[in-house]
Structure formats: C-alpha cells, structure tokens
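Remarks on the overall topology
So the chains spell out like this:
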There are 2 protein chains.
Amino acid sequence: MPEFTGECAKPQRRSIGARRNPATEAAILDAACDLLREKGVHGLTMEAVARRARAGKATLYKWWPNRGALLVAVYERSKGTHQHKDMGNLVDTIAEFYRYVFAFWKTSEGQVFRLIIAEAQSDQDVAEALERYRLERLAALSEAVGWAQARGELREGVEPDALADTIMAAAWLRLLTDRLTTDPHRLARDVVSGWIVEKQ
Amino acid sequence: MPEFTGECAKPQRRSIGARRNPATEAAILDAACDLLREKGVHGLTMEAVARRARAGKATLYKWWPNRGALLVAVYERSKGTHQHKDMGNLVDTIAEFYRYVFAFWKTSEGQVFRLIIAEAQSDQDVAEALERYRLERLAALSEAVGWAQARGELREGVEPDALADTIMAAAWLRLLTDRLTTDPHRLARDVVSGWIVEKQ
DNA sequence: TCCAAACGGAACGATGCGTTTCGTTTTATA
DNA sequence: TATAAAACGAAACGCATCGTTCCGTTTGGA
C-alpha cells in the first residue's frame, strides 16, 4: 500500500461509485476559494484548481463546464442570506443593510462578488446567475422599504421597488469603485432621506 | 519593390525614424476596436490585435504594456465628453443625461465601458484610469445638480456631490445588469424627485 | 556620418485551454 | 453473483495566447 502524499499531504480521493463524490466537490471549491484569496482572479484557472485539489481536469469540467460556473459555485456556497432588520425607521434600516453588506464584501469571500459582476459582463451564464441573485436580493430589500411605507413614513407615490433599486445601485457602485469605507449611515441618509415625509 | 498585401490589403507600415509612428498607433487602436465589436472581450488578445494591425508584438507591448492599457486607450479615444444641458428643472436635466449615456452605452464603442469596469475589478492600472474618468464625470454631473440648487429647486441640506453619486450609481447599475432599455425619464424621476422641494 | 530608436516579423519557452484516453474503484442493475 | 455504468485521478494531446527576445530594415537627429 504505497501512500503518496502530495504538496498538502492530502490523500488522493477515489471514486465512490457511479455517483458524485461530495469530498471531491468540497476539495475543488476549497481550492478555488484559496486560490482566489491568494492570487486573485488571474490565479483562478482550471489547471491550478485541479492541481491544488488533486483532482482530474475531466472531473472539473464535468461539473463546472467553465471558469464562470466555478466562480458562481464558490460564491453560492459562501454567500449569506441577509435578513433585513427593521430599525424602526427607513434610514437606520438601510444603514444597517449597508453596514452588513460592506462588511461582508470586505472579506475574501465577499470579494468574489466583485469578480462575479465583472465576469458577468462577458459570460452569459454568469450574467444569468447574477441576475437571479440580484432579483432575489432586490425583493428582500423592497420588502424592507415596504415596512417603512406601511408605517406611513414615505412620501406619496414612492414605489418600494424603484427605491430599492436605487439603494442597491449605491451599494454596487461603492463596491466596484473600491469605496467600501463609505460611512453606511451617511450613505443611507444621502440615498433615502429624500423620500421620507417631512416631520411637522 | 515587391509589394505584399495582407488579409486586408493594407500595406505594411515601416519605421519613420526614431519616433513613434502615429499611423501604427491608429492602426492598432482600430484593430482593437474592430476585434471588440466582432468577437467581444475574449477576442481582444494582444496576438490578434497585432495580426490584424500587421504590427509587431514588440511594438504593441512597447506602447501598451498589457491588455488593460489597450482597453483604456480604445475607450479614451472614443469616449464622448458629454455636456450636460440644463432643461430648466432637475428631473428633465437628469432624464436627458440618462437618455444620452444609455444611447452611447448601447453602441459598440460604448460597450467597451462595461469591459473597462469589469477589467478594473482585477487590474489596478485600469482601476486608476476608471477612477479618474469617474471623478471627472461626477464633477460635471454635480455641476448640473448645482444649477437646480441655485434655482432653489432642491430641499434644504442636499449635497450636489452626494446626489450626483446616486444618479451615477443608478446609471452604472443599468449598464451592468443589461437594462439600458430603462425609460430615462422614469428613472430620473425615481432617483431625484425626492430631493425636489414640494410645490405649494 | 553614424548612432539611436521605431518598425515588422519570426521564433522562443511557458502556461492555460478544453478534450481524450486509460486504468481503477464502487454502486446499481439484471 | 455477474455485468454494466458512472465517477475518479492521472497523463497526454493539439491549440492558442502570453510576454520576451532576437533580427534586419528604415529613418530622423546628433
């Protein structure tokens, strides 16, 4: 029983029969994640992932037909499902959202989201995955805006969907232009306070 | 005088002495632009550009050390310097801005901007060029918002820079999520009308 | 007159791409 | 219990691009 240990002393996995090996999937996604945080986008190649995970390239291409699919899988595994908290008023609620999402985007897992957006600009599959995720988050955000509307906090004629779109746009722009240090509360005020009814 | 004509029947350029040849620069940027609109991002390789322009790769790398630099150069050459028009009220002014920029972004030259943003997420040089351009456009937009403020159109405490940032964010999000068909006037209203003083 | 620099062109080794083939391992089915 | 099917690691394939390095030619400037 000759036991060859690779660079990371990981024993090589084997087939567990005519079904997908969860250990292989985990090892590949781990390797992809590590490469991303160590070498950035250009470090994430199918070759490098296969080497690091001690997996065959054929296995890689079987489950993730291209780099974009792998990128999406990495993000899907690490993304949080943020539950918006109602802070009693819209500005504080949105400020809390910005605080959470900026903090997440600053982590190495969160940084993957930048790359997803970038990749989506030239990869149709990634674009579709991103669009599904965007709509999902937009709905949750719109619901949070709806809480304020139900309280009579908003001016007449404000559509929660449209306002949520604007709120999200401001967050994306900060991510893409490397301004995650923006003060969340200040930003929330700058984006939504115009839609709040004047206090008498 | 044997005259060899390549695939496009373009005569090969030669050195014009110890100085940069403008014809070479133009031919390379033309080739890069053509490749982008014909084959998309992945068609823009240094190899392909050199082939199409009938230029040496060494020449290419001398003036544009990497793909990002070439991308930026293509955009710099084609980008318009939009002059904001004051339409008498802020919503119409911003609607006009959205109309213009969406129309431009729909063109093949404008599509390069998507790629610039994407490339900037993993290329520091591109990111810096993008940041310079963003600040330049933000200043112009902020000035347009200032016109409305000077007219007393805005609510108390509105900062033109912050509002301009939000206006721009909404535009970028539409570009990146493939929603350039958004109605410009409707969008302008959804983004800025909250900051307009109530009419009595 | 001679040097320096730019130019096109060709070649280099290295790396990643996506596919194919092989032998092994294990489950599912007959 | 025998057989087919599928997944796995590993290696190799041809191809493309990368970024660099030569070469010989052309031409302006010192």
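Residues numbered from 1 in each chain as written. Chains lettered and ligands numbered in written order. Predicted model: local features only at pLDDT ≥ 70, side-chain atom pairs only at ≥ 80, totals over all residues. Heavy atoms only, no water.

By the naming in an unreviewed UniProt entry, chain A goes by TetR family transcriptional regulator and is assigned to Celeribacter baekdonensis B30.

Taken together, 27 residues lie around DNA strand C, and Glu47 and Lys57 of chain A together with Arg13, Arg54 and Trp63 of chain B are the ones closest in. Backbone atoms, meaning sugar and phosphate, make up 75% of the atoms of DNA strand C lying within 4 Å of the protein. Side-chain polar atom of Tyr61 of chain A to a phosphate oxygen of DNA strand C: 2.9 Å apart, as the coordinates give it. A distance of 2.7 Å separates a phosphate oxygen of DNA strand C from a polar atom in the side chain of Trp63 of chain B. For the surface near DNA strand C, the elements supplying multiple residues, two or more each, are α2 (46-53) and α3 (57-63) of chain A together with α3 (57-63) of chain B. Among the residues forming the surface near DNA strand C, the class breakdown is eight nonpolar, ten polar and nine charged. (Near = heavy atom within 4 Å. Polar contact = N/O pair within 3.5 Å; in protein donor to acceptor, adjacent residues only side chain to side chain. Helix = DSSP H or I, 4+ residues; strand = E, 2+ residues; numbered from the N terminus. Nonpolar A, V, L, I, M, F, W, Y, C, P; charged D, E, K, R; others polar.)

Glancing now at the packing of aromatic side chains. For the coordinates displayed, the defined rule picks out 16 aromatic pairs over all chains. Between Trp105 of chain B and Phe113 of chain B, the aromatic rings sit 5.5 Å apart at their centres with planes inclined by 10°, giving stacked as the arrangement. As far as burial versus exposure is concerned, Trp105 of chain B and Phe113 of chain B are alike and both buried. The ring of Trp64 of chain A has Arg20 of chain A sitting right over it, with the charged end atom 5.2 Å from the ring centre. Positioned above the aromatic ring of Trp63 of chain B, the side-chain terminus of Lys62 of chain B is 5.4 Å from the ring centre. (Phe/Tyr/Trp six-rings, centres within 6.5 Å; stacked < 30°, edge-to-face > 60°. Buried < 20%, exposed > 50% of the residue type's maximum accessible area, 1.4 Å probe, protein only. Lys NZ or Arg CZ within 6 Å of the ring centre and 35° of its normal.)

The environment of DNA strand D is made up of 29 residues, and the closest members are Arg13, Arg54 and Trp63 of chain A together with Glu47 and Lys57 of chain B. Of all atoms in DNA strand D that approach within 4 Å of the protein, 74% are sugar or phosphate atoms. Here a phosphate oxygen of DNA strand D sits 2.8 Å away from a polar atom, N or O, in the side chain of Arg54 of chain A. Here Lys57 of chain B contributes a side-chain N or O atom positioned 2.8 Å from a base oxygen of DNA strand D. Contributions of two or more residues to the surface near DNA strand D are made by α3 of chain A together with α2 (46-53) and α3 of chain B. Broken down by element, the surface near DNA strand D gets its largest block of residues, four residues, from α3 of chain A.

Attention now moves to the interface of chain A and chain B. Contact residues are listed per partner, giving 35 residues for chain A and 35 residues for chain B. Approximately 2900 Å² of surface area, both sides summed, lies buried where chain A meets chain B, with 53% of it carried by carbon and sulfur atoms. Area buried by chain A at its contact with chain B is led by Gln121, Arg155 and Trp195 of chain A, which between them contribute 21% of it. The interface formed by chain A and chain B contains six salt bridges. As a salt-bridge pair, Arg186 of chain B and Glu159 of chain A come within 2.9 Å of each other at their nearest N and O atoms. For the side of chain A that touches chain B, the elements supplying multiple residues, two or more each, are α6 (108-120), α7 (124-150), α8 (160-176) and α9 (184-192) of chain A. Take the side of chain A that touches chain B: its biggest share by element is ten residues, from α8 of chain A. (Contact = heavy atoms within 4.5 Å. Buried area = accessible area lost by both parts, 1.4 Å probe. Salt bridge = Lys/Arg side-chain N within 4 Å of Asp/Glu carboxyl O.)

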